[in-house]
Amino acid sequence: MNYRIITVGLLSLLLVACSNEPNSATNAAPANRAVASSPTAPVKSWYRFDQVSAGARIYQDNCAACHGKKGEGAENWRKAGPDGKYPAPPLNGSGHAWHHPLNILFHTIKNGSPGGQGNMPAWGEKLSDEEIIAAIAWFQSKWPREIYQNWVQRDAAARSNRG
């Protein structure tokens, strides 16, 4: 187990150190550039300032109506509605979005809620991949440092499990 964690950390560091290319939104989701060498070490965000800036507008225009202007989510988001679906969760780090790796966040926004679990529409026809990535960058920029650090570890583990 420790060998696997060390390997994932070293591979992530190697990928970040060797990468000269900016994030490419032509892939389903960009590579996570954050590296955590220890649970308390500062974490560099995968997103850029320009993505967060663009994401603020995209989020307000497309996401805020359901997820709240500041990503606070719908009231009673943990309780299924009469239709059995859950309301929009918070995206500000106080909900469960941080439990999902970047590729799942991207996929959910692009294709909508999985299996009728929620009312999230598919945004893939309206938003480009770059716009989806920017919206994710914006809401992740609102996450507390500890939440983001935990997400980085989960995302790295998910990427290593995908091979």
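Keep in mind it's a predicted model, so treat the numbers as computed, not measured. The written sequence of each chain sets the order in which its residues are numbered from 1. Only residues with pLDDT of 70 or above have their local features reported here, since the model is predicted, and side-chain atom pairs are shown and tallied only from 80 upward, although totals for entire chains, interfaces and linings are computed over all residues. To get the side-chain values, all heavy atoms of the structure are used, and hydrogens and water are removed first.

## Brief notes about the overall build of the protein chain
(1) Moving on: Tallying secondary structure elements over the protein chain gives 6 helices and 0 strands in all.
(2) Moving on: Helix and strand definitions here come from DSSP, where helices need a minimum of 4 consecutive H or I residues and strands a minimum of 2 consecutive E residues; each element is numbered from the N-terminal end. For the protein chain, the sequential pattern of α-helices and β-strands runs α-α-α-α-α-α.
(3) Moving on: Whether a residue is buried, partly exposed or exposed follows from its accessible area with a 1.4 Å probe, protein chains only, as a fraction of its type maximum: under 20%, in between, or over 50%, in that order. Within the protein chain, the fraction of its 163 residues that count as buried is 39%.
(4) Moving on: Two residues form a contact once any of their heavy atoms are found within 4.5 Å. In the protein chain, the proportion of contacts linking residues at least 24 apart, taken out of those at least 6 apart, comes to 57%.
(5) Moving on: Looking at the protein chain as shown, the accessible area adds up to about 9700 Å², and 58% of this sits on carbon and sulfur atoms. Only the protein chains shown count as cover for residues, and all accessible areas are computed by the Shrake-Rupley method using a 1.4 Å probe.

## Let's talk about unusual backbone geometry
(1) Moving on: The phi dihedral of Asn76 is positive, around 55°, even though this residue is not glycine.
(2) Moving on: Within the element layout of this structure, Asn76 appears in the loop between α3 (64-67) and α4 (102-111).

## Considering the confidence of the model for the protein chain
Fine structural detail should not be taken from predicted coordinates in areas where pLDDT scores are low.
(1) Moving on: Confidence in the prediction for the protein chain averages 80 pLDDT; 74% of positions are at 70 or higher.
(2) Moving on: Scored between 0 and 100, pLDDT is the confidence that the predictor attaches to each residue. Note on residues 1-38: pLDDT under 50 across the span, and 54 contacts to partners over four residues away in sequence or across chains.

## So, the packing of α4 against helix α5 (residues 129-141)
(1) Moving on: In the contact formed by α4 and α5, the axes pass within 10 Å of each other and the chain directions differ by 120°. On the basis of their axis angle, the class for α4 and α5 is oblique. Handedness of the α4/α5 crossing: right-handed. Along its contact with α4, which presents Leu102, Leu105, Phe106, Ile109 and Lys110, the element α5 presents Asp129, Ile132, Ile133, Ile136, Phe139 and Gln140.
(2) Moving on: Residues are grouped as follows: Ala, Val, Leu, Ile, Met, Phe, Trp, Tyr, Cys and Pro are nonpolar; Asp, Glu, Lys and Arg are charged; every other residue, Gly included, is polar. Split by residue class, the contact of α4 with α5 holds 8 nonpolar, 1 polar and 2 charged. Angles here are taken between N-to-C directions and fall from 0 to 180 degrees, while the axes themselves are lines fitted to C-alpha atoms, restricted in helices to the stretch in contact. Roughly parallel refers to an angle under 35 degrees, roughly antiparallel to one over 145, roughly perpendicular to one between 65 and 115, and oblique to any angle outside these ranges. Two helices crossing with the near one rotated counterclockwise from the far one by less than a right angle form a left-handed crossing, whereas a clockwise rotation gives a right-handed crossing.

## Some thoughts on the nonpolar core
(1) Moving on: Among buried residues, those of type Ala, Val, Leu, Ile, Met, Phe, Trp, Tyr and Cys that are joined through side-chain atoms within 4.5 Å constitute a nonpolar core. Trp46, Ile136, Phe139, Trp143, Tyr148 and Trp151 are the most contacted members of the largest nonpolar core, which totals 30 residues.
(2) Moving on: Of all the elements, α5 adds the most residues to this core, at 8 residues.

## Description of the environment of Ser113
(1) Moving on: With respect to the secondary-structure elements, Ser113 resides in the loop between α4 and α5.
(2) Moving on: Overall, the relative accessible area of 22% leaves Ser113 in the partly exposed class.
(3) Moving on: For the pair Ser113 and Lys85, spaced 28 residues apart in sequence, the C-alpha separation works out to 9.7 Å.
(4) Moving on: Excluding residues that lie within four positions of it along the chain, Ser113 makes contacts with Thr108, Gly118, Asn119 and Met120.
(5) Moving on: Polar contact is defined as a pair of N or O atoms within 3.5 Å, subject to the rule that within protein one atom must be able to donate a hydrogen and the other to accept it, and that residues adjacent in sequence are counted only when both atoms are side-chain atoms. Side-chain polar atoms of Ser113 contact the backbone nitrogen of Met120, separated by 3.0 Å.

## Focus: helix α6 (residues 145-162)
One turn of the α-helix equals 3.6 residues, which is why residues spaced by three or four share an orientation.
(1) Moving on: In this analysis, the expected span of each helix is defined as 1.5 Å times one less than the number of residues it contains. Its 18 residues place the ends of α6 26 Å apart at the C-alpha level, agreeing with the 26 Å of an ideal helix rising 1.5 Å per residue.
(2) Moving on: What α6 keeps buried is the set Ile147, Tyr148, Gln149, Trp151, Val152, Asp155, Ala156 and Ala158.

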